[in-house]
Amino acid sequence: EAAAMVVLSAIWQSLVPILGLLCTFALFSSSIPSSMQARKTGVLPQDPTPAVLAFTNNILWLIYASMIGDLWIFLGNIFGVVCNAFNTIVAVRYAQEDIRARIDIIFMVGMSVAGLAIMFL
């Protein structure tokens, strides 16, 4: 029984985080083709709000990962920051004015929350 616990612990501590990273990479990279299309055509094919929210979410998870010293959470979310920063930049460049205003508000609120989180580290 002790050997089984060691095996389960090894799986929990390595395999599960690796699977989580793979899922994270697939999730965050899935929107890159749409942003690349927008760069070619100059038209956004979808609402960019989720990318801005995801960028903010990734920033907050990076802060949390740094606070608790969790490399797995940090790695998954640094990739998300890169992908969602790209998507957000494309959105700001090609979005219509009303959508751009919404992006600005979401981004400012999100970064304010991140700033507050950093202050209380």
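A quick note: this is a predicted structure, and the numbers were derived from the prediction, not measured.

Glancing now at the overall build of the protein. Broken down by element type, the protein carries five helices and zero strands. When the helices and strands of the protein are placed in sequence order, the string is α-α-α-α-α. Its C-alpha radius of gyration of 18 Å places the protein more than 25% over the 14 Å reference for a compact globule of 121 residues. Across the 121 residues of the protein, 29% fall into the buried class. A fraction of 75% describes how many contacts in the protein between residues 6 or more apart in sequence connect residues 24 or more apart. Per element, the accessible surface of the protein, about 7,700 Å² overall, is 73% carbon and sulfur.

Attention shifts here to the packing of aromatic side chains. Enumeration over the complete set of coordinates arrives at three aromatic pairs. Each ring, one from F55 and one from F107, has its centre 5.8 Å from the other, and the planes form 25 degrees; the classification is stacked. Taken together, the residues F55 in helix α3 (residues 49-68) and F107 in helix α5 (residues 97-119) connect sequence positions 52 residues apart.

Below, the discussion takes up the packing of α3 against α5. Axis separation between α3 and α5 bottoms out at 10 Å; the angle between their running directions is 5 degrees. Between α3 and α5, the angle is such that the two are roughly parallel. Residues T49, V52, L53, F55, T56, I59, L60 and I63 of α3 touch α5, and the partners they reach there are R102, I103, I106, F107, G110, M111, V113, A114, A117 and I118. For the contact of α3 with α5, the residue count by class is 14 nonpolar, three polar and one charged.

Analysis parameters
- Residues numbered from 1 in each chain as written.
- Predicted model: local features only at pLDDT ≥ 70, side-chain atom pairs only at ≥ 80, totals over all residues.
- Heavy atoms only, no water.
- Helix = DSSP H or I, 4+ residues; strand = E, 2+ residues; numbered from the N terminus.
- Rg over C-alpha atoms; globule rule 2.2 N^0.38 Å.
- Buried < 20%, exposed > 50% of the residue type's maximum accessible area, 1.4 Å probe, protein only.
- Contact = heavy atoms within 4.5 Å.
- Areas by Shrake-Rupley, 256 points an atom, 1.4 Å probe, with all protein chains shown as cover.
- Phe/Tyr/Trp six-rings, centres within 6.5 Å; stacked < 30°, edge-to-face > 60°.
- Axes fitted to C-alpha atoms, helices over the stretch in contact; angles between N-to-C directions.
- Parallel < 35°, antiparallel > 145°, perpendicular 65-115°, else oblique.
- Nonpolar A, V, L, I, M, F, W, Y, C, P; charged D, E, K, R; others polar.

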